[in-house]
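Commentary on secondary and tertiary structure
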Amino acid sequence: MPDHYKKFDLHDKVAVITGASEGIGRDIAIGLAEAGCDIIICSRREEKLLEVKEIAEKNGRKAEICVIDVQSVSEIEKLKAFIKATTGKVDILINNAGCAVTKPAWDVSESDWDTMVDTGFKGLFFCCQAVGSIMREQKYGKIINLGSTFSKSIVPGRSVYGGIKAGIDHLTEALAMEWAPHGIRVNTLAPTAVSTPSRQVTLQGPILEKVLSRIPLGRLATPEDLLGAVIYLSSEASDFVTGQTLFVDGGWVAAS
Ligand SMILES: NC(=O)c1ccc[n+]([C@@H]2O[C@H](COP(=O)([O-])OP(=O)(O)OC[C@H]3O[C@@H](n4cnc5c(N)ncnc54)[C@H](OP(=O)(O)O)[C@@H]3O)[C@@H](O)[C@H]2O)c1
């Protein structure tokens, strides 16, 4: 194998994945384990994380479960302590946990706001801070934040969600700049609509048709579509890439 391919190798890296119990996070966790990573998987539902752990272990990788609610900073501190006590190091953080409420802006409640912002923005920031502080000690690390095409395009019913995702693009740039001296690379991976169990409920009929009409490549994304970008951004192959938002969107943003 030519040397430059070796830079994509993830064997024996440790990856922390939030929101790994289902959907995109689950598939990223399994994909990273298949690519050679040991994984620490987090979310609120232990029974679902146990399924992911079993699959990763069948691939010969170590998998640890850390049950946390990312809305709480004290729970995120528990994750930091857990990493130190188990693997003792972390190379990759996939900040995937998120929550989407689809409602006209007039109808968004305080509770909708708090759940979306505390999970997808506050939780994401404090996971960056807690896990990033271990990376700072190591002088190396890769943080990948889950963004969305909705950061760059307007979809009715997604005002708050889109605002959070636009904020994530900005936060990624800011952290990339502040943390570059510590060897920490921070990037956003921004998919278009991905066919996950939670989205299959909403992506039907005329809504599905409308979404498909905005994707030049003519189909929804699958979680597998994201894995190449995840592996790239997690690996040494992307060591000179930081502060970027990589759209994996079938052309959505280009067409918007
Ligand atoms: N699917 C799409 O079309 C799409 C498109 C663009 C971007 N995204 C982004 O990709 C990410 C994943 O989306 P998805 O569709 O896979 O979502 P999903 O199927 O709804 O899964 C969300 C995951 O986040 C976890 N989670 C939710 N609240 C949490 C909390 N407070 N603390 C810890 N974990 C929590 C859930 O686990 P527990 O319930 O076990 O806690 C679950 O594992 C999100 O950031 C989303 O915004 C999705």
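It should be emphasised that the depicted structure is a prediction, and the values quoted were computed from it without experimental measurement. (Residues numbered from 1 in each chain as written. Predicted model: local features only at pLDDT ≥ 70, side-chain atom pairs only at ≥ 80, totals over all residues. Heavy atoms only, no water.)

Moving on, we get to the overall build of the protein. Scanning the protein for helices and strands turns up 10 helices and 7 strands. Over its C-alpha atoms the protein spans a radius of gyration of 17 Å, differing by no more than 12% from the 18 Å that the globule rule assigns to 256 residues. Seen along its three principal axes, the alpha-carbon backbone of the protein occupies a region of about 45 × 45 × 40 Å. In the protein, which comprises 256 residues, the proportion classed as buried is 48%. Long-range contacts, defined here as pairs at least 24 residues apart, represent 73% of the contacts in the protein between residues at least 6 apart. For the protein, the computed accessible surface area is about 12,100 Å², with 56% contributed by carbon and sulfur atoms. One finds the centroid of the 28 positive side-chain charges in the protein at a distance of 2 Å from the centroid of its 32 negative side-chain charges. (Helix = DSSP H or I, 4+ residues; strand = E, 2+ residues; numbered from the N terminus. Rg over C-alpha atoms; globule rule 2.2 N^0.38 Å. Buried < 20%, exposed > 50% of the residue type's maximum accessible area, 1.4 Å probe, protein only. Contact = heavy atoms within 4.5 Å. Areas by Shrake-Rupley, 256 points an atom, 1.4 Å probe, with all protein chains shown as cover. Lys, Arg positive; Asp, Glu negative; His and termini not counted. Charge placed at Lys NZ, Arg CZ, Asp CG, Glu CD.)

Right, let's get into the site of the ligand. Lining the immediate environment of the ligand, one finds 29 residues, of which Ser 21, Arg 44, Asp 69, Tyr 161 and Val 194 sit closest. Measuring from an oxygen atom of the ligand, one finds a side-chain N or O atom of Ser 21 at 2.7 Å. Arg 45 places a side-chain nitrogen or oxygen 2.9 Å from an oxygen atom of the ligand. Its free accessible area being 890 Å², the ligand has 93% of it covered by the protein chains. Of all the elements in the fold, those that place two or more residues in the shell around the ligand are helix H2 (23–34), helix H6 (159–179) and helix H7 (197–202). Looking at the shell around the ligand, its residues break down into 10 nonpolar, 13 polar and 6 charged. (Near = heavy atom within 4 Å. Polar contact = N/O pair within 3.5 Å; in protein donor to acceptor, adjacent residues only side chain to side chain. Nonpolar A, V, L, I, M, F, W, Y, C, P; charged D, E, K, R; others polar.)

Overall, the prediction assigns the protein a mean pLDDT of 97, with 99% of residues at 70 or greater. The spread of mean pLDDT over the elements of the protein runs between H7, the lowest at 86, and strand E4 (residues 92–95), the highest at 99. (pLDDT = per-residue confidence, 0-100.)

Covered by surrounding structure in E4 are Ile 92 and Ile 94 together with Leu 93 and Asn 95, the residues of both alternating faces. Pairing of strand E1 (residues 14–18) with E4, which is carried by 3 bridges, proceeds in the parallel orientation. Bridged to Ile 17 within E4 is Ile 94. In terms of strand pairing, E4 meets strand E5 (residues 141–146) through 4 bridges, oriented parallel. Bridging across to E5, Ile 94 finds its partner in Ile 144. Crossover E4 to E5 through helix H5 (residues 110–138) is right-handed. (Pairing = 2+ DSSP bridges. Right-handed = clockwise from strand over helix to strand, strands pointing away.)

This part covers unusual backbone geometry. Even without being glycine, Asp 12 reaches a positive phi, approximately 70°. Within the secondary structure, Asp 12 is located in the loop between helix H1 (3–6) and E1. Positive phi outside glycine occurs at Lys 139, with the angle close to 65°. Relative to the assigned elements, Lys 139 resides in the loop between H5 and E5.

This part is about the environment of Thr 86. On the secondary structure map, Thr 86 appears in the loop between helix H4 (73–85) and E4. C-alpha of Thr 86 to C-alpha of Arg 136: the two residues are 50 residues apart in sequence and 18 Å apart in space. Side-chain polar atoms of Thr 86 contact the backbone oxygen of Phe 82, separated by 2.7 Å.

In this section: the packing of H2 against helix H3 (residues 46–58). Contact pair H2 / H3: the axes reach a minimum separation of 9 Å and the direction vectors enclose 20°. Relative to H3, the element H2 is oriented roughly parallel. The way H2 lies across H3 gives a crossing that is right-handed. Between H2, through Arg 26, Ala 29, Ile 30 and Ala 33, and H3, the contact on the second element is made entirely by Glu 51, Val 52, Ile 55 and Ala 56. Residues that form the contact of H2 with H3 fall into these classes: 6 nonpolar, no polar and 2 charged. (Axes fitted to C-alpha atoms, helices over the stretch in contact; angles between N-to-C directions. Parallel < 35°, antiparallel > 145°, perpendicular 65-115°, else oblique. Left-handed = near helix turned anticlockwise from the far one by under 90°.)

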